[in-house]
Structure formats: structure tokens, C-alpha cells
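Structural overview
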Amino acid sequence: MLGTLVSMKIASLRPWVCVFVALLSGHATGAVASAPGTALPESVENCLLCHDDDATQALLAGPHASTADSRTGFAEHGCGNCHGNSEAHMRRPPRGEPRAAPDHVFGPAATTSAADQNMQCTGCHRGTLGMHWQGSPHEAEGLTCVGCHRVHTATDTMHDAESQSAACFGCHPRTRAETLRASSHPLRDGQMACSDCHAVHGSVGPGLLRAATLNESCYECHAELRGPFLWEHPPAREDCSNCHRPHGSNHAPLLTQRAPWLCQQCHLAQFHPSTALSGSGLPGPSLPSGSQSLLGRNCMNCHPQVHGSNHPSGAGQTR
Amino acid sequence: MNWLHRRCCLWLALAALSPTTAAASGCGSVVFGAGWLDGPGMRFGRYAGQAADHSFGVLQIDACGHYAAGVGRWVLRIDDAGLGSRRASLGMGVQGRYRIELEHRRLAGARDVARTPLQGLGSSNLLLPAGWTAAPTTAAMSSLLPSLGEFDLGSTRRRTLLGLSVVLPESWQLDTRVRDETRSGIKPFAGLIGHSGGTPRVVVLPEPIDGRTREFDTALHYAAGARQFRIGYKLSLFDNSHTSLRWQNPYAAIAGWHPSAGFPSGSGQAQPAPDNQFHQLSLGLAQQLAPQLRLNADLALGRMLQDQTFLPYSINPSLQDSITQPLPRASLDGRIDTSLLNLRLSSRPPQGWHWNLFYRFDERDNRTPQAEYVSIGGDAQTQDSATASSRRRINLPYGFREQRLGVDAGTRIGGDARLDLGAQHSQIDRTWSARERTEESRLQLGLRGDPREWLNLALRVIGSDRGGSTHIGNRAFLAGHAPAYIESVPGAFENLPDLRSYALADRRRLQSSLALGIAPAAQWSLALTHGSTRDSYARSELGLTRANIRDLNLDASFSASEAWTLHAFAAREWMAFDQDGRSFQGGAARLQQAADPARNWQAEHRDRVDTMGLGARRALRDGRLRVGVDYARSQVAGDVRVSTAAALTALPLPTTRARLTTLDIDLAWRLGTRSELLLGYRREAFRSSDWARDGVAPNTLANVILLGEESPDYSAHALALSYRTEF
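Think of each chain on its own: its residues are numbered from 1, step by step along the sequence as written. As a convention, the first chain written is A and the first ligand written is 1, with the rest following in written order. Local features in a predicted model are, by the rule used here, given only for residues with pLDDT of at least 70; side-chain atom pairs are given and counted only at 80 or more, and totals for whole chains, interfaces and linings are based on all residues. Neither water nor hydrogens contribute to the side-chain values; these are computed over all heavy atoms in the structure.

Attention now moves to the overall build of chain B. For the purposes of this entry, the term helix denotes a DSSP run of H or I that reaches at least four residues, the term strand denotes a run of E that reaches at least two, and both are numbered from the N terminus. Helix and strand content of chain B: 6 helices and 33 strands. The C-alpha extent of chain B, read off along each of the three principal axes, is 80 × 60 × 60 Å. The protein chains shown are the only cover counted for residues, whose accessible areas, like all others here, come from Shrake-Rupley with a 1.4 Å probe. Of the roughly 30100 Å² of accessible surface on chain B, 56% is carried by carbon and sulfur atoms. Counted as positive: Lys and Arg. Counted as negative: Asp and Glu. His and the chain ends are not counted at all. By convention, the charge on Lys lies at NZ, on Arg at CZ, on Asp at CG and on Glu at CD. In chain B, 83 side chains carry a positive charge and 71 a negative one; their mean positions are 4 Å apart.

Put into C-alpha cells, the structure is as follows:
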């Protein structure tokens, strides 16, 4: 009862919501959510005689069924643009025999290879997404476009960061485990998407990164670390992953191992850099006590500029 | 349908079915309501950075419509408008002609409570409170604890993005993107006064973050027939509104410092991240040379620039007066030219096999000019410009060139089984490095098959061997110091000659993975994967000597229908790293100790991570009630065991632990055909213990005033009730 009342109340607000949204857009000229009535190609009408289901209707609301965009081929070929002419499928089968499948079937019911299925997609999407597909790791693994994407929907779930991560983790469980660690990039709740860093359809970068190199990927969001600096830290200049695990780590901030020992794997100079740091450096009963190389921010208690320093007196990465 | 298809479909079903997303296709919905966050605030996900014990509004809008006589379409989306992390986007365009996208996003990070005696938070000039009692160490700083004030460490990003895509005639397309991102907040920075020989004194500063990154990225694409072509230009500008960070020295002058360096006259100054630029021109070509043969060629030429005016050697006027050798230049004029060439020839002959041949050239040519700088150590000493001064330092513009050549091929070996083989050789040439060249050869074997329709097996083994030119550990030391100083250093080295940095050292790596996938029915999918990476640095006497990482993952998913799905996962990862070191002092015993195996130590790192999760989606009462539950838990135990040879001693360290648990419960009750009531609950519990932070207060260390952050230990709840209506 209460729900019905609330529903009625909200229903009365709907026109205002529409106006609000239209004003925000500044371009709306018609009803907010109603698609314009456009005539479907005759061939599609034929398909709809049997396939008048939710999935097909959803397709008609999506970009692949745009008759105004000649690139889709939908106005000319209708469903056949992706599924082929499918003449055998269109014919009534002999009594007692099943209807022949369409020329091109995608996804779970496919009878053709992944490459054949993908060819239907890359034929149109070769300009941007498909440019590096052939020879890419995902292509080599035999993935199909429809293995990740839904075409028969108004909106592809891969455009939603949360759904995208869930799909990626299906094949990359270790990465999912890493993102659940105490130090991780904000992939939870879709605050970041896998595609923020990775070009999953193929790229010029390693590890299917969008940028040309790993460091260039990191600098997209951490441009302050790009430099060049007066006093460089060579491992940081060469490869961020020398010290960081990008998907998540037990050691903040995304470190491969715990400092100060991580630093000591490259720095064993006289006095404190080479000291055997152990439990003897923990605080004692009286203060002050404890090792300043071990506690707090360990090495970074004195050397905060580990990515490089631009201070003329900062050769020791201290300023 | 093979196993991979089934698995992908199941995961897609799981990804798509969420109680809080629209049940109907299309767009046109508003969600509004209110929520309450209980507890100290969360560190992860959408509630991260949200104020503790605070109410928040729920607002989400998803709308679309048409314009220009129905040809144009616009989409508006607003997410989490009442939270600290929120997003709004508007996209509009005419398909096949143009598309414009505008997005604004705010991303609030986790907050840590910290304490400092310094005042002027948020500014780049941090001062001590009136009546400050300075002392040589924290022991006698009677005003330290009473002066501490709390503040939040953390940062927030605000990103605005404008994108334009225009479809041009003759198969051309122009894509342009402009991004403006600011980051603000506070992060820790060690403010050090002093130089060496036991004289450094530190106060960890609350460094203000106020940086801005602007990016412009445009690309012209051509795609027709057998050829695709791309030309692009990218510009990235970073500007930091803080050009310096100053602080008042809380320590009284000590022996070894210039008298003016101590409180109250002493100050320190550091250089926050300098402004910089990056330009990159890129060209890409993909050409179908034959029906089954494709060439990809990509070239990217870039330039990194940084030329911020240098700060003086010291902020201390008395020390500035001592300068006899001024800065060699007013700014760095830093420049790195980047060149990248990727070539790939790939073939898919119809006989069921394929091959790729690829070459990669990646150069970071550091053209930054070199000069000699006579530094002033930590704003605490006069300039020592003697010819044998350790303060005479020459900057080393580090650069490298990487080349990689490889081939891989695969073929069907009957049925669905496939064999993949690969070989690769890479070579990195570096400047100013202990190792001028490293070379690595890699072989790869993959075997995969579906012995049954419901069963998939995959095995992959990769072996690599890295070596290179002679290791000269003191190359950077020799190049970066004055010759007269080097002559004064016994042995002429800084780091022990037997040390091998893990990024340069000889290494044998063996990686393997085994995956078993079972799909006993269309609704079920099970996957068991095991991965292992074993690195051996057998020729490294000191440094990292061994690194082993193993993991085991189990995944299960079930999708009876769109109305009932279940998934679960469990993973365990073991990490083991061993490193060797040798402790040595300076002075007369330096060389003797540097070669003394009795001063050796070893650190064994053993981390174990257990992760598990369970999620379920169920539609009940004919779909009127949709329920979603997600539980995830990640638990880490880490040990560092340090052992020493006879001349040293070591004590054990406690185990560090962290356990993060997240529970989400979402309910959606459909009230009518176009409305529903949503109830969301999240619990996030984080228990951790870390001996480096717990109980380590600002006055724990004698020579470092810390910020006193504790390991996270909390349990927080969020409850949100909202109403969703479609229009």
C-alpha cells in the first residue's frame, strides 16, 4: 500500500524529471526516452516474425540497428549484415527436419570458429578497435567478441566499469585476488575500469596496455612522477614494476616487497643502508627508541623522493 | 559450445545481473534516497573518503533521448551524486556522423588520521607553534605531544573529460579528447635537516597536494579495405601549484650543523614535483598483405620536458652566504626523447595454424644536460666546494634502449587440442648503469585442449635466462662524483661490489601455469588454476637471490537463469623472497668489513594471502524481489626472518597481518511496472597489525618526528534506502 502511494507520488513527478533532464542536455526536442519511429527494413520485419523476443527488440534500440548510419549496413542488409543471407535458414524446412541455422551464429550456439565469428565484427570495427586485434594475446587465446560483448542489448555491459571488471576476472582470477588486497588501485565499485589502463583488443604496449610503455601508462594518472629529474632513480625511470605491483599488493603503496629490505636489494652502502635490520630495531620500553630505518616510513623517513629529485641539493633523494 | 564460451557467457551473466541496475533495457530512470555511514569511514570502493558517521544522499540518473528529428541521441548518467566519489556524464551525437562526450568525475581516496605539531596545513610554508621547545632529539621536546594536531592524509581527484569523434568522408574518422584533472589533499613528506654522520633530523611534513594534469589527445583514423591507418598527437602538461615546500626546523642545533640551522632560525626547503610536459606523435599502419597475412607497424616519437627554475642550494640565508660555487644553471632543461617502433607480421593460414613475428624498439634517450652541483647537505652546512668534497655531484641523465625480437606459432594437433611455441630475445642498453647491457632469451610452450566438451585443459611453461655485460657496480658512483673525492674513498665504491641489483642481475626464470576448466552442465562452470614463477639469482652473492610466487585459484559459477546465479572463488598465494646483505661501517674498518662474510645477513620474506568470495543473485516472487549478496575476504600474513653471521645479531620480528572483509547485501523490491524500492547495505571490516606503525608515535624515534598513523583497524557500515523510478 505504502509502495503504491509512493509510486503514485513519484509518477506525478515524472514530467518534471523529464524537463530537468531535457534542460540538462540542452538538445532534447522530443519525448525523453521514446525512440523515434523509424521504419525497419523489410528483411528485418521478416526476421521479427519469428524472433520477436526481448533480445531482438533490445538490439533494435542499440547502435547496430541504426538505419541512419550507413556503416552498420542494417538498412541494406538488416540482420543479414551480421548473420549472413541465411537463405537456408529462411526457407521452411522439410517436414520433420529442423530449420537450418543462419549462416553466421555467434556465442554458445556457434558452429564456426572464433576467427570466423570475429571477422563479422572486425569487418566494421577494424578502424579503431580491430586494428591490433590480429596477433594480439586475446586473439591468440581464441576469444570471441561476443565472449565479452553483448550485441543484442541496448547497452553493452562492457561499457560499465563494474561489469567489465567482473568479466575480466572470469579469466584473470589472480588479478581479482590482487585487487582485493589492502593496497590496490580503486577497481572496486567501478571507480576504475580495466580498460582505463588496458586496450584489450590489442595495443602497441606491453601487457595490452593502452600506452606505448608501462611507465607511460602510469604517468597518465601520476604525471607528477614523469620528470625528467635532476637526480634520477634509474629503476623508476625504466620500469615502475621494478618496485610496484599495479593490481594490488600486501605492502603499501603497491610495493612488490616490504621496505626497507626492498631498498636494500639495490642499496648496500656503508653504515645504515647495509645494516641488518631486524627486531632489534623495534621500540623498547623507554622512549625514544627504535630504528629510524625500520619504523614509520623506513627509508622514506629521510629519502622521500624515490621517484627522482629536482632539488640541487637532493642527490640523495632527500629534497 | 566449448568450455571457454560457456565460461565467458556465465561470467557475463553474473556481470550483468545486479539488483541495483535497471531491470529493463534502455534508459530513463532516477534513483534517489538517503543513506547513513556508520563507523570511522571506509577505505575502499564507493564509500572511500566519505566522512565518518555521516548521512549522505543517493541520487542516480540514467536518461536518454533523441533530438534533431530523431537522428541524434543523447545519454545522461549521474552516479553516486551524494557521495564523495561521484560521476556525471553526458554523451550526444548522431551515429555515423559525430559524437560528443562530457564527463566529470570526483574520486576520493582513503583517509588516514595523522598528527603533526606543524601549523599552516595546506600551505607550502609550515611553521612551529608559539612556545616550541626545541631539542637535539625528540626526547627533550616537551612541547611535541601537547602541540600535536590531527589532520587527514589522503587525496581527491577531480577529472573533467571532453571527447569528440567525427566521422569524415572516405573512411576517415577524427577522435579528440581533452582531459583536465586536479588532485588535492595532503601526503607525507620527510623534511630532513642535516647531512650525514648521524646529523640528520627529520620531521615528517604534511605536504600539500595541488597538482593539475591537462591532456590533449587527437587521432585521425582511416579504415577501408585492407588498410588501416592512424596518426595521432598527444600532449600532457603537469602543473604543480606548489613550487617549494618549506618548514621550520623543530630541532635545536647539534654538533655538525651550522649554528643557524637549528631552531629558531633554521629552516628546510624541498622541491615538490616539478612541472613537466610530454609530447608524442604516433603513426600506426595495419595492412592486409595477403588474405592471411597482416602487417602492423606503429611508430611513436615523444619528448618529455622539464625546466622548472631550480630552488637555491639552501633556504638558510647564512648558508647561502657561504656559497662559492653557484648553481651551474638556473633550471634543468631536462629532456628525454622517446622512440617506439613496433612491427608485427601475423599470419593465419587456413591449415589450422598461425604465427606472429614481431620486433619492438623502445628508446628513452635522456638528453638532459650534465653539470656539477655542489650541494648543501640538508640546509645544515656551509657549502664545501673543495675539490675532494663529497658534495660535488654530477647528475646522470639515465636512459636506455630496449629491443625485442620474437616469434610465436601455434597449430592444432588434432581435435580441439592446440600447441603453441614461442621464442623471444630482448636486449636493453643503458647509460650510467652498473650493467650497460642485459640480454634475455625466452622460450614458451603452451598446450591447450578440450578433451571433452565440458573439459578444458591448458598448460603453459615459460623459461627465460637473463645475462649481460660485465657488472660494474660503482659505475654511477664514479661518474657522479668528483675524481678527487673518489680517490679519498677506500675501494672507490659506494654499494658493496658483490651486490647485484635484481633488475640487472643474471636471472633464470621459470613460469608455469596449469588451468583446468570444467563445465559439467550449461549452468555450471568450475575452474582450477595454478601458477608459479620461480626466479633464481644464483650468481648474485648479495641482493635478491631467490623469488618464488605460487598461487592456486578455484572459481565456481552457476547460472540457472537470469533470475538465479551464484559464484564463488577462493585463492591462495605464497610469496617467498630471499636476499643477502653484508653490514659494514665506514672509516678504517671499511674495506675489511666490506669483505667480511662474518658480517653477512639474510632476510627471508614469507607472505601468504588467502582470498575468498561468494556472491549470489536471486529473483524471487516472480521477479518482484531481487536479492544480491556479495562477500569477499582477503587475509594476509607476512613474515620477515632475518638471520646473521657471527659478527652480527638479529632479533625476530612479529608477523604482520591484514584482514579485509566486505559484505554487500542489495535488495530491490518492485513496486510497480516502473518503480522499485532499493535497499543496500555494506559492511567493511579491516583488521591489521604492522609493527612499523602500531604504537609508533610522533615521539617514538629520537631523530624523526613521525605522523603517528596507526594500522587500519575498523568496522564500518553503510546503509542506503532509495527509490527508483523509470520514465
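Right, picking up where we left off after that structure.
The next point concerns the packing of aromatic side chains. Between 30 and 60 degrees the pair is tilted, below 30 it is stacked and above 60 it is edge-to-face, where a pair is any two Phe, Tyr or Trp rings, Trp via its six-membered ring, whose centres lie within 6.5 Å. Within this structure, the stated rule accounts for 14 aromatic pairs over all chains. Ring geometry for B:Phe686 and B:Tyr714: centres 6.1 Å apart, planes at 80°, overall edge-to-face. Taken as a pair, B:Phe686 in strand 31 (residues 675-689) and B:Tyr714 in strand 33 (residues 713-726) lie far apart in primary sequence, 28 residues in all. Classification of residues uses two cut-offs on accessible area relative to the type maximum, computed with a 1.4 Å probe and protein chains only: under 20% is buried, over 50% is exposed, and between them is partly exposed. Of the residues examined, B:Tyr714 reaches a relative accessible area of 6% and is grouped as buried. Among the aromatic residues, those joined into a cluster by ring pairs are A:Trp231, B:Phe310 and B:Tyr373. When the ring centre of B:Trp564 is taken as reference, the NZ or CZ atom of B:Arg618 above it lies at 4.7 Å. Comment: the charge-over-ring label is applied if NZ (Lys) or CZ (Arg) is within 6 Å of the ring centre and within 35 degrees of the ring normal.

Let's shift gears to the nonpolar core. We define the nonpolar core as a collection of buried residues of types Ala, Val, Leu, Ile, Met, Phe, Trp, Tyr and Cys that are connected through side-chain atoms lying within 4.5 Å of one another. Among the nonpolar cores identified, the biggest contains 34 residues, and A:Trp261, B:Val202, B:Leu496, B:Trp601 and B:Trp691 are the most heavily contacted of them. Broken down by secondary-structure element, the contributors of at least two residues to this core are strand 8 (149-168), strand 9 (172-193), strand 10 (201-224), strand 28 (600-620) and strand 29 (625-644) of chain B. With 3 residues, strand 9 of chain B is the largest single contributor of residues to this core. Core analysis: the second largest hydrophobic core is formed by 21 residues, B:Leu144, B:Tyr251, B:Ala270 and B:Ala380 among them.

Further remarks concern the side chain of B:Thr116. Here B:Thr116 lies in strand 6 (residues 112-116). Throughout this description, a polar contact denotes any pair of N or O atoms lying within 3.5 Å of each other; where both atoms belong to protein, one of them has to be capable of donating a hydrogen while the other can accept it, and for residues adjacent in sequence the pair is counted only when both atoms sit in side chains. A polar atom in the side chain of B:Thr116 sits 3.2 Å from the backbone nitrogen of B:Leu118.

Attention shifts here to the state of the cysteines. Residues and elements named next belong to chain A. Pairs of cysteine sulfur atoms within 2.5 Å are identified as disulfides in what follows. Using the criterion set out here, one finds 0 disulfides over all chains in the structure. Between Cys168, a cysteine without a disulfide, and Cys194, which holds the nearest cysteine sulfur, the sulfur-to-sulfur distance is 3.8 Å. In this structure Cys302 is not part of a disulfide, and its nearest cysteine sulfur, from Cys299, lies 9.0 Å away.

Bringing the interface of chain A and chain B into the picture now. Each side of the interface is counted separately: chain A has 143 residues, and chain B has 199 residues. Once two parts are brought into contact, the accessible area they lose, counted with a 1.4 Å probe and summed over both, makes up the buried area. Carbon and sulfur atoms supply 57% of the area that chain A and chain B bury against each other, a total of about 13700 Å² over both sides. When a carboxyl oxygen of Asp or Glu is within 4 Å of a side-chain nitrogen of Lys or Arg, the pair counts as a salt bridge. Joining chain A to chain B, the criterion identifies 18 salt bridges. A:Arg176 is the salt-bridge partner of B:Asp555, the closest N and O atoms lying 2.9 Å from each other. There are 63 residue pairs in polar contact (both at pLDDT 80 or more) connecting chain A and chain B. Mapped by element, the contributors of at least two residues to the side of chain A that touches chain B are helix 1 (2-25), helix 8 (137-140), helix 9 (145-148), helix 10 (161-171), helix 11 (173-179), helix 12 (214-221), helix 13 (234-238) and helix 14 (261-264) of chain A. Contacts are residue-level and defined by heavy atoms, with any inter-residue pair within 4.5 Å sufficient.

Both cavities and pockets are sets of points on a 1 Å grid over the protein atoms alone; in a cavity a 1.4 Å probe fits but cannot get out, in a pocket the set is open with protein on both sides within 12 Å along at least five of seven lines, and lining residues sit with an atom within 4 Å of a point. Grid points are joined across faces, edges and corners, and a volume is the space filled by probe spheres set on the points. Following the criterion strictly, the structure yields 6 cavities of 30 Å³ or more and no others. Here the largest cavity defines a volume of roughly 200 Å³. Along the walls of the largest cavity sit 19 residues, with A:Glu224, B:Arg183, B:Ile209, B:Gly211 and B:Phe238 positioned nearest its centre. Those elements that provide at least two residues to the lining of the largest cavity are strand 9, strand 10 and strand 11 (227-240) of chain B. Per-element tally for the lining of the largest cavity: the top contributor is strand 10 of chain B, with 7 residues. Lys, Arg, Asp and Glu make up the charged group, whereas Ala, Val, Leu, Ile, Met, Phe, Trp, Tyr, Cys and Pro make up the nonpolar group; the residues left over, Gly among them, are polar. Looking at the lining of the largest cavity, its residues break down into 6 nonpolar, 5 polar and 8 charged.

Below, the discussion takes up the layout of surface pockets. Residues and elements named next belong to chain B. Approximately 420 Å³ is the volume found for the second largest pocket. As for the second largest pocket, its lining consists of 22 residues, of which Pro40, Arg43, Arg111, Asp112 and Val113 are closest to the centre. Elements that contribute at least two residues to the lining of the second largest pocket include exactly strand 6, strand 8 and strand 33. With 3 residues, the top contributor of residues to the lining of the second largest pocket is strand 6. Residue composition of the lining of the second largest pocket, grouped by class: 7 nonpolar, 5 polar and 10 charged.

Residues and elements named next belong to chain B. A patch consists of residues exposed above 30% relative accessible area that lack any salt bridge, with like charges linked at up to 9 Å and nonpolar side chains (Val, Leu, Ile, Met, Phe, Trp, Tyr) linked at up to 5 Å. A cluster of nonpolar residues, Ile231, Leu281, Leu283, Leu299 and Leu301, forms a patch on the protein surface that exposes about 360 Å² of accessible area. Where the nonpolar patch is concerned, the elements lending two or more residues are strand 14 (276-290) and strand 15 (293-306). Note that Leu281 resides in strand 14. Exposure remark for Leu281: the relative accessible area of 42% places this residue in the partly exposed category.

The next subject is unusual backbone geometry. Geometrically, the link from A:Ala252 to A:Pro253 is a cis peptide bond, its omega value of -10° lying close to zero. Of the consecutive residues A:Leu287 and A:Pro288, the connecting peptide bond is found in the cis state with omega at -5°. Residue placement: A:Pro288 occurs in the segment after helix 14. The phi torsion at B:Ser171 lies on the positive side, around 70°, for a residue other than glycine. Within the element layout of this structure, B:Ser171 appears in the loop between strand 8 and strand 9.

Let's shift gears to the pattern of salt bridges. Within the structure shown, the criterion is met by 66 salt bridges over all chains. In this structure, the salt-bridge partner of A:Arg71 is A:Asp69, at a minimum N-O distance of 3.0 Å. Between B:Asp498 and B:Arg582 there is a salt bridge whose closest N-O contact spans 3.7 Å. Of this pair, B:Asp498 sits in the loop between helix 5 (483-488) and strand 24 (507-518) while B:Arg582 sits in strand 27 (residues 564-582), placing them 84 residues apart in sequence. Residue B:Arg582 is classed as buried on the basis of its relative accessible area, which comes to 3%. Among the charged side chains, a network of salt bridges with common partners joins A:Arg174, A:Glu178, A:Arg181, A:Arg245, B:Asp551 and B:Glu573.

The subject of this paragraph is the confidence of the model for chain A. Residues and elements named next belong to chain A. Across chain A, the average pLDDT comes to 85, with 88% of residues at or above 70. pLDDT is a residue-level measure of predictor confidence that goes from 0 to 100. The secondary structure element of chain A with the lowest average pLDDT is helix 1, at 44, and the one with the highest is helix 14, at 98. In the model, residues 1-35 has pLDDT below 50 throughout and makes 48 contacts with residues more than four positions away in sequence or in other chains.

The side chains of a regular strand alternate between both faces of the sheet. Residue and element names in this part refer to chain B. With 10 bridges connecting them, strand 1 (residues 29-38) and strand 33 associate as antiparallel partners. When the bridges of strand 33 are listed, Ser29 appears paired with Glu726. When DSSP locates at least two bridges between a pair of strands, those strands are taken to pair. Two elements, strand 31 and strand 33, share 13 bridges in a ladder whose sense is antiparallel. Along strand 33, the bridge assignment pairs Gly680 with Ala720.

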